[in-house]
Amino acid sequence: MSPAAATNATAVRPQLSHLRALESEAIHVMREVAAEFERPVLLFSGGKDSIVLLRLAEKAFRPAPFPFPLMHVDTGHNFPEVIEFRDRRVAELGERLIVASVQDSIDSGRAVEETGPRASRNRLQTVTLLDAISEHGFDAAFGGARRDEERARAKERILSFRDDFGQWDPKNQRPELWNLYNGRITKGEHVRVFPLSNWTELDVWEYIDQEQLEVPAIYFSHERKVFKRDGMLYAWREGTELIDGEEVFDATVRYRTVGDMSCTGGVESLAATLEEVVLEIAATRITERGETRADDRVSEAAMEDRKKAGYF
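Residues numbered from 1 in each chain as written. Predicted model: local features only at pLDDT ≥ 70, side-chain atom pairs only at ≥ 80, totals over all residues. Heavy atoms only, no water.

Our next topic: the nonpolar core. Membership of the largest hydrophobic core comes to 58 residues, with the highest contact counts inside it found for Leu42, Leu56, Trp199 and Trp205. If near-sequence neighbours (up to four positions away) are discounted, Leu42 is found in contact with Met30, Leu53, Leu54, Ala57, Phe68, Pro69, Leu70, Met71 and Phe142. Judged by nonpolar contacts, the second largest core, of 17 residues, contains Ile98, Leu124, Leu129 and Phe312. (Core = buried A, V, L, I, M, F, W, Y, C linked by side-chain atoms within 4.5 Å. Buried < 20%, exposed > 50% of the residue type's maximum accessible area, 1.4 Å probe, protein only. Contact = heavy atoms within 4.5 Å.)

Right, here's the structure in full:
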């Protein structure tokens, strides 16, 4: 082939887009884990990141059923719209959903309910998750964590190893060279797997837009009863304990993340379509957890401390 012909062939060769490269990497991770581990599980909360994981799993394994069940660690204080979406989406896929309940952990004495206006069940999810992993014998758990969310998550590998107590040691992680992953574990150990590690929040929303994926309505602008605390707008629900001076009012908000209602804030926004959400995220300079998750504001190392104990 002449130099001119070679140049022309290179010019017309299809280029792998940024999103397709991320998609390809994530699908490769899912297939590798499904092949190497005996009992994987995919953590599905109904949030945007786990919605993307479901789409990637479809591309990785359809038309066959997923080679793993789905599992949600339910605090009992989730947004009703998200739970409705979760159940409907799982039914559409025809997959098996395991619901691990924080309330059951409290009732059995495995976890102690917090009290007071700032009480949250978010931290209690760790016990429930580890108990469910042990009960079902899972040796790998897919999660939607991304490195851009929070500094502790930036320390994670794609395959994050947990010891037989479910604990994570950020100083003792295996190297990941190119796309080679060492999945060897001993009895009692397991791994958390993060196929979206190299994605950003903007990547997630651009992919949702590109694939035209349905997401819970609370990700879009809507009017809601809220109250302001510590600079964040929390959803008000019957039984919410307010602090002196706090008032309930109506605001036009949307949610960037959909965790436990007790520690997840909304942002004032008029973004009502996927395109508008993408534009809004492209313009922001604050991470979603930095802006809307109270549990990450407890201390500089709040997330890392929870992760060392076995959190997502």
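Across six bridges, strand E7 (residues 222–229) lies against strand E9 (residues 248–254) in antiparallel orientation. By the bridge assignment for E9, Arg224 is matched with Ala251. With four bridges joining them, E7 and strand E8 (residues 232–235) adopt antiparallel strand pairing. Bridge assignment links Phe227 to a residue of E8, and that residue is Tyr234. (Pairing = 2+ DSSP bridges. Helix = DSSP H or I, 4+ residues; strand = E, 2+ residues; numbered from the N terminus.)

Turning to the layout of surface pockets, a few remarks are in order. Quantified by volume, the largest pocket comes out at close to 300 Å³. Lining the largest pocket we find 19 residues, and of these Gly116, Pro117, Ala119, Arg237 and Ser262 sit closest to its centre. Sorting the residues of the lining of the largest pocket by element identifies E7 and E8 as the ones contributing at least two each. By residue class, the composition of the lining of the largest pocket is six nonpolar, six polar and seven charged. (1 Å grid on protein atoms, 1.4 Å probe; cavity = no way out; pocket = protein on both sides within 12 Å on 5 of 7 lines; lining within 4 Å. Points joined across faces, edges and corners; volume = space filled by probe spheres on them. Nonpolar A, V, L, I, M, F, W, Y, C, P; charged D, E, K, R; others polar.)

Moving on, we get to the packing of aromatic side chains. When we look at a pair of aromatic rings, we describe it by the centre distance and by the angle of the planes. All chains considered together, the criterion is met by seven aromatic pairs. Seen in terms of ring centroids, Trp199 and Tyr207 are 5.2 Å apart; in terms of plane orientation they differ by 80 degrees. Their pairing is edge-to-face. You'll find Trp199 and Tyr207 in the same group, each marked buried. Feature note: the residues Phe61, Phe66, Phe68 and Phe142 constitute an aromatic cluster, connected by ring pairs. Sitting over the face of the ring of Phe161, Arg174 holds its NZ or CZ atom 3.8 Å from the ring centroid. (Phe/Tyr/Trp six-rings, centres within 6.5 Å; stacked < 30°, edge-to-face > 60°. Lys NZ or Arg CZ within 6 Å of the ring centre and 35° of its normal.)

A word on the confidence of the model for the chain. Scored by pLDDT, the chain has a mean of 88; 89% of the residues are at 70 or more. Confidence, expressed as mean pLDDT per element, reaches its minimum in the chain at helix H1 (residues 3–12) with 55 and its maximum at strand E1 (residues 40–43) with 98. (pLDDT = per-residue confidence, 0-100.)

Strand order in the closed barrel made by the four strands is E7-E8-E10-E9, with antiparallel pairing throughout. For this sheet, the mean inter-axis angle between neighbouring strands, taken without regard to orientation, is 65 degrees. Looking at chain direction, E9 and strand E10 (residues 265–268) are connected through two bridges and run antiparallel. Among the inter-strand pairings, Val253 is bridged to a residue of E10, identified as Glu268. (Axes fitted to C-alpha atoms, helices over the stretch in contact; angles between N-to-C directions.)

Glancing now at the environment of Ile83. Note on placement: Ile83 falls in helix H4 (residues 80–93). Sequence separation of Ile83 and Gly47 is 36 residues, and the distance between their C-alpha atoms is 9.7 Å. Among all residues touching Ile83, those that are not within four sequence positions of it are His72 and Asn78.

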